[in-house]
Amino acid sequence: MNVLVPEPTSLVNPGFYGTGGPHSVWRRMREHDPVHWHEPAQYPGFWSLTRYDDIRAASCDARVFSSAQGILLRPVALGVDPGGGRTLALTDPPRHRALRSLVADWFTTRSVRDLEDGMRGAVRDVVAHAMELEECDFVTDIAARLPLYVICRLMGVPATEQELLFSLTSKAFAAGAPEVRSAAHQQIMQYFADLMYRRMNEPADDLVSALVMGEIDGELFSEEEILLNCDNLLVGGTENVRLAVSGGMRTFLDHPDDWKRLREDRGLLPTAVEEVLRWTSSATHVMRTVTEPVVLHGREIHAGDRVVLWIPSANRDELRFEDPDRFDIGRRPNRHLALGAGEHFCLGGMLARAEMRIFFTELLDSVKGIEQTGPAVPVESIVVSGVEHLPVRLKAK
Ligand code: HEM
């Protein structure tokens, strides 16, 4: 292997992300070693898939590539994922389909459209407030706000309690002392436990009630299953949108001509959103466990082996995308895998696209200029990628 390109082992080092380094490793693996075995160490042994076609095929074959053992690499020391076989993202069909159909109504085109006026109002307020500040953090003051508002609306969190949840999620998902994050996470679970009991007594038209009242094969969910699914929805619904919007803004700050082009031609908004999703690929990996032997590019994968799908690598695969390392807001076709594929395709995909469209529209409509006032701080994680902080100044029109 080329000595200038770091070894694939660097992919499990959180500090390696944010340097741009992983893309050189993935490029090399796509070309020379598309099914790579990682020896067990801090993480159990696993295979890495880096090519678009392989990642898409694995995502679309839920029978052989199972999610029920967990979908993220977990340090050996942490043991098995408690959500395995119990949350939407961590179940296989047929249970997965039954669970998904219980909550799917909140994510249809119609439901997303019904939310749009509220979303626009929420973004308008957030941007107006940010413009009053001399300087703000694009990630926490702007991008984090709408996804939390939306998931609170869907889950039935009363407006008066949203600020509390915002402050808890900011602590739980931010970099910082693990004790602070873990304490905030405990408080979030406690919050949802209280909400769950309220909905048991008085069901409403929201996702928590759907989980409380829902049943599969005549059986209600346990309290723990309800809470794990609430957590899954909260994390899924907030973290990735925040990262995609702020990663997109950072990219536009680096490519001001594209921002200008979008300002002048709003017809580019749908393709721009897809390109931001492809470019930022905020979900860095998902994992599967193989249920029967598979041979891929001559490598023998055994039943029980873990397989990691590196999504940003698929989205830069030169066999699938023309000029993949170019950010092109008019890119067509753009069948990226940023939202996954197959059985577990992102439930909130349509919602995420609407949120991104609304964010960028409001910023283009109300803000004359956006100036970066300090260095962007990258997220250091092997699970999600993007920026943790992005100091900016918004100039009013
Ligand atoms: C830009 C934003 C988003 C990105 C990049 C993203 C990415 C993904 C990806 C890659 C998957 C597939 C996981 C797998 O294959 O195992 C997924 C699944 C999921 N996402 Fe998203 N997501 C985003 C926004 C959202 C939103 C707004 C929600 C709303 C609640 C959401 C909820 C979920 C859920 C519940 C699943 C599991 C679906 C299932 O297993 O059937 N996501 N997401």
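Because the structure is predicted, anything quoted here is derived from the model rather than measured. (Residues numbered from 1 in each chain as written. Predicted model: local features only at pLDDT ≥ 70, side-chain atom pairs only at ≥ 80, totals over all residues. Heavy atoms only, no water.)

Draft legend 1. Quick peek at the site of the ligand. Lining the immediate environment of the ligand, one finds 27 residues, of which His96, Arg100, Arg288, His344 and Cys346 sit closest. Taking His96, its side chain carries an N or O atom lying 2.6 Å from an oxygen atom of the ligand. Contact distances for the ligand include 2.6 Å between an oxygen atom and a side-chain N or O atom of His344. Among the secondary structure elements, those contributing two or more residues to the shell around the ligand are helix H3 (95–103), helix H10 (223–254) and strand E7 (285–290). (Near = heavy atom within 4 Å. Polar contact = N/O pair within 3.5 Å; in protein donor to acceptor, adjacent residues only side chain to side chain. Helix = DSSP H or I, 4+ residues; strand = E, 2+ residues; numbered from the N terminus.)

Draft legend 2. Inspection of the packing of H10 against helix H12 (residues 269–280) at higher detail. Contact geometry of H10 with H12 gives a least axis separation of 9 Å together with a crossing angle of 100°. For the element pair H10 / H12, the angle class is roughly perpendicular. Only Val276, Trp279 and Thr280 of H12 make contact with H10, whose side of the interface consists of Ala244, Gly247, Gly248, Thr251 and Phe252. Split by residue class, the contact of H10 with H12 holds 4 nonpolar, 4 polar and no charged. (Axes fitted to C-alpha atoms, helices over the stretch in contact; angles between N-to-C directions. Parallel < 35°, antiparallel > 145°, perpendicular 65-115°, else oblique. Contact = heavy atoms within 4.5 Å. Nonpolar A, V, L, I, M, F, W, Y, C, P; charged D, E, K, R; others polar.)

Draft legend 3. Spatial organisation of the coordination of the iron atom of the ligand. Here the protein supplies the iron atom of the ligand with just one donor, Cys346 (SG), and that contact is 2.3 Å long. Among the structural elements, Cys346 can be located in the loop between helix H13 (311–314) and helix H14 (349–366). (Donors = N, O, S within 2.8 Å, 3.2 Å for Na, K, Ca; no water.)

Draft legend 4. Broad picture of the environment of Ala244. You can see Ala244 is positioned in helix H10. Ala244 sits in the buried class, given a relative accessible area of 4%. Taking the C-alpha atoms as reference, Ala244 lies 7.0 Å from Val276; in sequence the two are 32 residues apart. (Buried < 20%, exposed > 50% of the residue type's maximum accessible area, 1.4 Å probe, protein only.)

Draft legend 5. Region of interest: the sheet that holds E7. Here we have 5 strands laid out as an open sheet, ordered E1-E2-E10-E7-E3, and mixed in their pairing. Of all the strands in the sheet, the pair left with one neighbour each is strand E1 (35–38) and strand E3 (65–66). By the bridge criterion, 2 bridges tie E3 to E7 in an arrangement that is antiparallel. Within the sheet, the bridge partner assigned to Phe65 lies in E7 and is Val290. Strands strand E2 (46–49), E3 and strand E10 (306–310) of the sheet are contacted by helix H2 (residues 52–59), whose axis makes an angle of about 125° with E10. (Pairing = 2+ DSSP bridges.)

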